[in-house]
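If you want the building blocks of each chain, they are given just below.
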Amino acid sequence: MLTTGLTGGIGSGKSEVSRRLAARGAMVIDADKIAREVVEPGTSGLAKVVAAFGEGVLHPDGSLDRERLGSIVFNDAERLAELNAIVHPLVGERVEELRGQAPDDAIVVYDVPLLVENDLASMYDVVIVVDAADEVRVRRLAEHRGMPEADARARIAAQASREERLAAADIVVPNEGSLEELETRVAEVWDELARRAGRD
């Protein structure tokens, strides 16, 4: 089994690369998606969050109000640590469960937005970084997500720098051109992963 960490700053196109690797047969484990799943209504995760932060973090339908919770934790390091102490172990358990279902020769791709920020590179056999210049990312965030330029720049500034991310990379996927160019590069990356996994 080859474990691959896939990361890239906001607006880099990491999700697009993740989709294309999945289409080629990678088993993709999306950390953000799992973090949402473990606090869905009816889960022990959501019950623990409510016990720690109160009923005020719920929508009327009983689902988690992420924006409300975010406004509590993002300016308070202690409360953020409290939230992470609830969510991270649950994510870890689910990741291990999914990994346990993978065949021995699987190429497992962990889609981890904050891989560099949380110093997780050593956990993977290979680290792939999807890279695009900050200006390209700002433009994409405006075009695809309707994000104001100031917000886009603030989000980019809050993450690892481009240089820090590239320093952690075993494989770089440049993504400033067309989808056709990206497809060509992803095909090359898949061949390289298959080689490293001993599939050739």
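Being a predicted model, the structure only gives us computed values, none of them experimental.

Draft legend 1. Local environment of the sheet that holds strand β1 (residues 2-7). Ordered by their spatial adjacency, five strands build an open sheet running β2-β3-β1-β4-β5, and the pairing between neighbours is parallel. Only two strands of the sheet have a single neighbouring strand rather than two, namely β2 (27-30) and β5 (171-174). Mean inter-strand twist for the sheet, computed between neighbouring axes without regard to direction, equals 25 degrees. Pairing of β1 with strand β4 (residues 126-131), which is carried by four bridges, proceeds in the parallel orientation. Looking at the pairing, T7 lines up with V129 of β4. Those strands touched by helix α5 (residues 77-100) are β1, β2 and β3 (107-111), and its axis lies near 175 degrees from that of β2.

Draft legend 2. Molecular detail of the nonpolar core. Counting residues in each nonpolar core, the largest one holds 30 residues, and the members touching the most others are V49, F53 and L69. Of all elements in the fold, only α3 (44-53), α4 (66-73), α5, β3 and β4 reach the threshold of two or more residues within this core. Among the elements that make up this core, the one with the highest residue count is α5 (seven residues). Residues in contact with V49, not counting those within four places in the same chain, are V39, G54, V57, L64, L69, L83 and I86. Formed by 17 residues, the second largest nonpolar core is a distinct cluster that contains L21, I107, I128 and I171.

Draft legend 3. Region of the structure containing the packing of aromatic side chains. Tallying each qualifying case throughout the model produces one aromatic pair. For the ring pair Y110 and Y124, a centre distance of 5.4 Å and an interplane angle of 45 degrees mean the geometry is tilted. Taken as a pair, Y110 in strand β3 and Y124 in the loop between β3 and β4 lie far apart in primary sequence, 14 residues in all. Here Y110 matches Y124 in class, with each residue buried.

Draft legend 4. Structural context of the side chain of R140. Residue position: R140 is located in helix α6 (residues 134-145). Here R140 occupies a buried position and makes no salt bridge, while the nearest side chain of opposite charge, E143, is found at 7.0 Å. Polar contacts involving the side chain of R140 include one to the main-chain carbonyl oxygen of S12, which spans 3.2 Å. Only 2.5 Å separates the side chain of R140 from the backbone oxygen of N175, close enough to count as a polar contact. Contacts of R140, omitting those with residues within four sequence positions, involve G11, S12, G13, A132, R145, N175 and E176.

Definitions and limits used
- Residues numbered from 1 in each chain as written.
- Predicted model: local features only at pLDDT ≥ 70, side-chain atom pairs only at ≥ 80, totals over all residues.
- Heavy atoms only, no water.
- Pairing = 2+ DSSP bridges.
- Helix = DSSP H or I, 4+ residues; strand = E, 2+ residues; numbered from the N terminus.
- Axes fitted to C-alpha atoms, helices over the stretch in contact; angles between N-to-C directions.
- Contact = heavy atoms within 4.5 Å.
- Core = buried A, V, L, I, M, F, W, Y, C linked by side-chain atoms within 4.5 Å.
- Buried < 20%, exposed > 50% of the residue type's maximum accessible area, 1.4 Å probe, protein only.
- Phe/Tyr/Trp six-rings, centres within 6.5 Å; stacked < 30°, edge-to-face > 60°.
- Lys, Arg positive; Asp, Glu negative; His and termini not counted.
- Salt bridge = Lys/Arg side-chain N within 4 Å of Asp/Glu carboxyl O.
- Polar contact = N/O pair within 3.5 Å; in protein donor to acceptor, adjacent residues only side chain to side chain.

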